[in-house]
Amino acid sequence: MALRNTGLAMAVLIALTACGSNGETASSDTPEPAVIGERQDNFEEIGDAFRVIRGELENDAPDMAVISANAEIINANAMNIEGHFPPGTGMDDGYDSEALATIWERPEEFAAAHERLVSASAAFLETADAGDAAAVAEGVPELGGACKNCHDTFRLDDE
Ligand code: HEC
């Protein structure tokens, strides 16, 4: 009886030790980095805000306050993107992500695509704040182009 208990205790100890030493290298057990969900939520908000703006522009009298508020979300979230892509968090690393390896292979191009969104969304926000719905509508393709420019090269095309 006493012998068995000792054996069990030893087995547990060995299992714990093995678990501790393997933890760092066993990638299949590594939880998904939180930053992946954060950046996807951030993009989701950008997408939702852009959808609200385009929907509002279809009304006879677009609510410019709604458009401005959503343009502000896009601009604020665009500036969040910078810290959202640490190396080792792409789809090739085995995560549930549409981030392509090109992000880390062509960092300058990715930074330029990010910068394009930051400036396009800032310009769009300025137009929205000026209150001219027609001018905002004219600015939609320019903003949408900044999304597509990045997605074409850096996001998995799953359509
Ligand atoms: C600098 C590059 C870049 C720009 C600019 C960009 N995106 Fe993305 N977007 C990505 C990447 C990369 C992903 C995939 C992220 C992942 O799955 O980890 C993504 C994912 C998304 C998603 C899916 C989020 C989810 O739930 O997984 C939406 C929606 C989206 N983007 C909308 C937009 C819109 C709208 C714009 C423009 C206003 C935009 N993006 C601009 C790179 C960009």
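Above this text you will find the structure in question.
Thresholds, definitions, all that
- Residues numbered from 1 in each chain as written.
- Predicted model: local features only at pLDDT ≥ 70, side-chain atom pairs only at ≥ 80, totals over all residues.
- Heavy atoms only, no water.
- Phe/Tyr/Trp six-rings, centres within 6.5 Å; stacked < 30°, edge-to-face > 60°.
- Helix = DSSP H or I, 4+ residues; strand = E, 2+ residues; numbered from the N terminus.
- Buried < 20%, exposed > 50% of the residue type's maximum accessible area, 1.4 Å probe, protein only.
- Contact = heavy atoms within 4.5 Å.
- Axes fitted to C-alpha atoms, helices over the stretch in contact; angles between N-to-C directions.
- Parallel < 35°, antiparallel > 145°, perpendicular 65-115°, else oblique.
- Left-handed = near helix turned anticlockwise from the far one by under 90°.
- Nonpolar A, V, L, I, M, F, W, Y, C, P; charged D, E, K, R; others polar.

1. Let's talk about the packing of aromatic side chains
Within a pair of aromatic rings, the relevant descriptors are the distance that separates the centres and the angle that separates the planes.
Piece 1. The final tally for this structure, using the stated rule, is four aromatic pairs.
Piece 2. With centroids separated by 6.4 Å and ring planes inclined at 55 degrees, the aromatic side chains of F85 and W104 adopt a geometry described as tilted. Taken together, the residues span a long stretch of sequence, with F85 in the loop between α3 (64–80) and α4 (102–105) and W104 in helix α4 at a distance of 19 residues.
Piece 3. F85 gets classed as buried once you look at its relative accessible area, which sits at 13%.

2. A short note on the environment of I74
Piece 1. Following the sequence through the fold, I74 ends up in helix α3.
Piece 2. By relative accessible area, which is 3% here, I74 ends up buried.
Piece 3. Residues I74 and I46 lie 28 residues apart in sequence; the distance between their C-alpha atoms is 5.0 Å.
Piece 4. The residues touching I74, leaving out its near neighbours within four places in the chain, are I46, A49, F50, I53, S121 and L143.

3. Describing the packing of α3 against helix α5 (residues 107–130)
Piece 1. Put simply, α3 and α5 touch, their axes get as near as 9 Å, and they point 160 degrees apart. The orientation of α3 relative to α5 falls into the category roughly antiparallel. As α3 runs across α5, the sense of the crossing is left-handed. Between α3 and α5, the residues in contact are M64, I67, S68, A71, E72, I74, N75, A78 and M79 and H114, L117, V118, S121, A122, F124, L125, A128 and D129, respectively.
Piece 2. Looking at the contact of α3 with α5 residue by residue, the classes come out as twelve nonpolar, four polar and two charged.

Shape descriptors only; they carry no functional weight alone.
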